[in-house]
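# Report on the structure
Read off the chains here:
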There are 2 protein chains.
Amino acid sequence: MKAETRRLTRKSDHTRQRILDAAASTLANRGYAGTSIKAIADSIDMQDASLYYHFESKDALVLEVLRTGVVLSEEAVNAAVSALGEQPDPIDALRAAIVAHAEAVLGMGDYPRANVRNFGQLPQEIVSAQMSHQRRYGKVWRNLIEAAMASGRLRQDMNTRAMRMLILGALNWAPEWYKPRGELSPGDVGRQMAAMIIEGLLATGAAQPVRRQKQGNGR
Amino acid sequence: MKAETRRLTRKSDHTRQRILDAAASTLANRGYAGTSIKAIADSIDMQDASLYYHFESKDALVLEVLRTGVVLSEEAVNAAVSALGEQPDPIDALRAAIVAHAEAVLGMGDYPRANVRNFGQLPQEIVSAQMSHQRRYGKVWRNLIEAAMASGRLRQDMNTRAMRMLILGALNWAPEWYKPRGELSPGDVGRQMAAMIIEGLLATGAAQPVRRQKQGNGR
DNA sequence: GCTTTGTTCTAGCGTACACTAGAAAATGTT
DNA sequence: AACATTTTCTAGTGTACGCTAGAACAAAGC
């Protein structure tokens, strides 16, 4: 049966999910070009050809993984900010967003990581197909930072784009060095990052220690 | 003639350099697995087989590109810090290092960029062959940050590893969004980043505007 | 001019890739 | 039990990869 025709969800959605998980894992660890259909199929004890029953091409599969990655991050950030109530302090909102993004990228499994680690190395066609989601998530951050800037609480001598990129760069790099077995939970890393980014590295009287918290379970 | 035997440098070193440049470019733009010998050869109007006269394997070529990338960054940072004199203020040294690394990664061509963008997606054998250079450069930063920390000028409630990773993450992400034709030079970006990282994003009376300077020529 | 040495070429090997065709096996449904 | 549907398999296609062998061309010394 053609994948196009199949609309009523069936038991095979479970297999589909296993394929997506395996694809996210190899994408996050080996990169786009280093990810082969055969490797994905092998890791879930399947023949590579069988995979084409569930996805019409490698790129379609990859795209769904990447899309999921952005969506997960976006939802995590939105939820964290919403949890602060109707009119949150813009700096509190920014801080919450930073922690949420760090937790997504470090603790929510391979999807957000696959996204971050393949950024800039994808074939043009995939990039453009993915653009709209990427842009929407970018807008979330643009709004957060511009709100904080407009409130006068952020320094006015930097442009907001540089600020946004500083934040996302520092956080998106975290998967390169973060060790899940270490002493810091993803949330701990997020809170440390937020403190350093917002208040700076310099010692001041105002700086307060960041509490370490118990680690939640990752996806 | 075997590459091993050839020790007296010849005219072909020019070709060798062109190959390295081409390899750095495709590595920076397409990633390790997306970089083929044929694509490199094509971009300099050569047959792929001819390339093996100059390099014994793809991995040997890639390794030399990556090594060059680290060395260029390291030299730039060391030079910038040394230029401050014998006993520089540790915060000034940190600031100078940040600017130098930004300039390397954004303005010194494809080598440092190739390094940064393939980090974490390389086959294990290449990673371990590259490890020693990476470690040495890491040590430069560790020393800078620990000196600043020991001076008491940095906040004592964060660990130095998180600080180092914040800095390098923010800077290494810059190639993903920086547009060379834009209004900011690599040095401008570096100075903005340094100011935000060191002093933080919050508005304070102490924050001073960062002067924009004329852009030097890249590599 | 001839030989030696250095550099690039043509041709091809074996392997891995994304993907297809169609047979076989499960899995319902009646 | 018989049938229809869904899922996975075996077997293969064409193409691109890294790399090798050895001929062809180029440059330099004598």
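All of these numbers come straight from a predicted model, not from anything done at the bench.

The subject of this paragraph is the packing of aromatic side chains. Given two aromatic rings, one states the distance between the centres and the angle between the planes to describe the pair. Tallying each qualifying case throughout the model produces two aromatic pairs over all chains. Seen from their ring centres, Phe119(A) and Trp173(B) are 5.6 Å apart, and the 40° between their planes marks the pair as tilted. Highlighted residues: Phe119(A) in the loop between helix H5 (110-118) and helix H6 (124-150) and Trp173(B) in helix H7 (residues 160-177), drawn from two different chains. By relative accessible area, which is 10% here, Trp173(B) ends up buried. Sitting over the ring of Tyr32(B), Lys58(B) keeps its end group 4.4 Å from the ring centre.

Attention now goes to the interface of chain A and chain B. On the side of chain B, 47 residues touch chain A, which itself brings 48 residues to the contact. Between chain A and chain B, the buried area comes to about 4400 Å², and carbon and sulfur atoms account for 62% of it. Summed over the three residues of chain A that lose the most area to chain B, namely Arg155(A), Trp173(A) and Leu201(A), the buried surface amounts to 19% of that side. Residues Glu199(A) and Arg155(B) are paired through a salt bridge, measuring 3.2 Å at the closest nitrogen-oxygen approach. Along the contact surface separating chain A from chain B lie 18 residue pairs in polar contact (both at pLDDT 80 or more). Those elements giving two or more residues to the side of chain A that touches chain B turn out to be helix H1 (13-30), H5, helix H7 (160-177) and helix H8 (186-199) of chain A. Looking at the side of chain A that touches chain B element by element, the count peaks at 13 residues for H7(A). Here the residues of the side of chain A that touches chain B sort into 27 nonpolar, 13 polar and eight charged.

Around DNA strand D, 19 residues are found, and the nearest of them are Ser12(A), Ser50(A), Tyr53(A), His54(A) and Lys58(B). Expressed as a percentage, the sugar and phosphate content of the atoms of DNA strand D within 4 Å of the protein is 71%. A distance of 2.4 Å separates a phosphate oxygen of DNA strand D from a polar side-chain atom of Tyr53(A). A distance of 2.6 Å is found between a phosphate oxygen of DNA strand D and a side-chain nitrogen or oxygen belonging to His54(A). Partitioned by chemical class, the residues of the surface near DNA strand D number seven nonpolar, eight polar and four charged.

Near DNA strand C lie 18 residues; those nearest to it are Lys58(A), Ser12(B), Ser50(B), Tyr53(B) and His54(B). Note that a phosphate oxygen of DNA strand C is positioned 3.3 Å from one of the backbone N or O atoms of Thr35(A). Contact distances for DNA strand C include 2.6 Å between a phosphate oxygen and a side-chain N or O atom of Tyr53(B). Here the surface near DNA strand C is built from residues that sort into seven nonpolar, eight polar and three charged.

All names here are of chain B. Where helix H4 (residues 90-107) meets helix H8 (residues 186-199), the closest approach of the two axes is 8 Å, and the angle between their N-to-C directions is 140°. Between H4 and H8, the interaxial angle falls into the category oblique. Two packed elements cross with a definite hand, and for H4 against H8 that hand is right-handed. Seen from H4, the contacting residues are Ile-91, Arg-95, Ile-98, Val-99, Ala-102, Glu-103, Leu-106 and Gly-107; seen from H8, they are Pro-186, Gly-187, Val-189, Gly-190, Arg-191, Met-193, Ala-194, Ala-195, Ile-197, Ile-198 and Glu-199. Of the residues contributing to the contact of H4 with H8, the split by class is twelve nonpolar, three polar and four charged.

Between the two copies of the chain lies a relationship made up of a rotation around an axis and a movement along it. Superposing chain A onto chain B requires a rotation of 180° together with a translation of 0.0 Å along the rotation axis, leaving an RMSD of 0.0 Å. The operation mapping one copy onto its partner corresponds to a two-fold rotation axis. When C-alpha positions in chain A are compared against the rotation axis, the closest is assigned to Gly200(A), at 1.7 Å.

Looking now at H5(A). Residues and elements named next belong to chain A. Burial analysis of H5 places eight of its nine residues in the buried class, which makes it a mostly covered element. Listed as buried for H5 are Tyr-111, Pro-112, Arg-113, Ala-114, Asn-115, Val-116, Arg-117 and Asn-118. Count one or two residues on from H5 and you reach Gly-120, which has phi positive near 90°.

The subject of this paragraph is the environment of Ser185(B). Mapped onto the fold, Ser185(B) is located in the loop between H7 and H8. Put simply, Ser185(B) and Glu103(B) are 82 residues apart on the chain and 8.5 Å apart in space, counted from C-alpha to C-alpha.

Reading guide: rules and limits
- Residues numbered from 1 in each chain as written.
- Chains lettered and ligands numbered in written order.
- Predicted model: local features only at pLDDT ≥ 70, side-chain atom pairs only at ≥ 80, totals over all residues.
- Heavy atoms only, no water.
- Phe/Tyr/Trp six-rings, centres within 6.5 Å; stacked < 30°, edge-to-face > 60°.
- Helix = DSSP H or I, 4+ residues; strand = E, 2+ residues; numbered from the N terminus.
- Buried < 20%, exposed > 50% of the residue type's maximum accessible area, 1.4 Å probe, protein only.
- Lys NZ or Arg CZ within 6 Å of the ring centre and 35° of its normal.
- Contact = heavy atoms within 4.5 Å.
- Buried area = accessible area lost by both parts, 1.4 Å probe.
- Salt bridge = Lys/Arg side-chain N within 4 Å of Asp/Glu carboxyl O.
- Polar contact = N/O pair within 3.5 Å; in protein donor to acceptor, adjacent residues only side chain to side chain.
- Nonpolar A, V, L, I, M, F, W, Y, C, P; charged D, E, K, R; others polar.
- Near = heavy atom within 4 Å.
- Axes fitted to C-alpha atoms, helices over the stretch in contact; angles between N-to-C directions.
- Parallel < 35°, antiparallel > 145°, perpendicular 65-115°, else oblique.
- Left-handed = near helix turned anticlockwise from the far one by under 90°.
- Least-squares fit on C-alpha atoms with pLDDT ≥ 70 in both.

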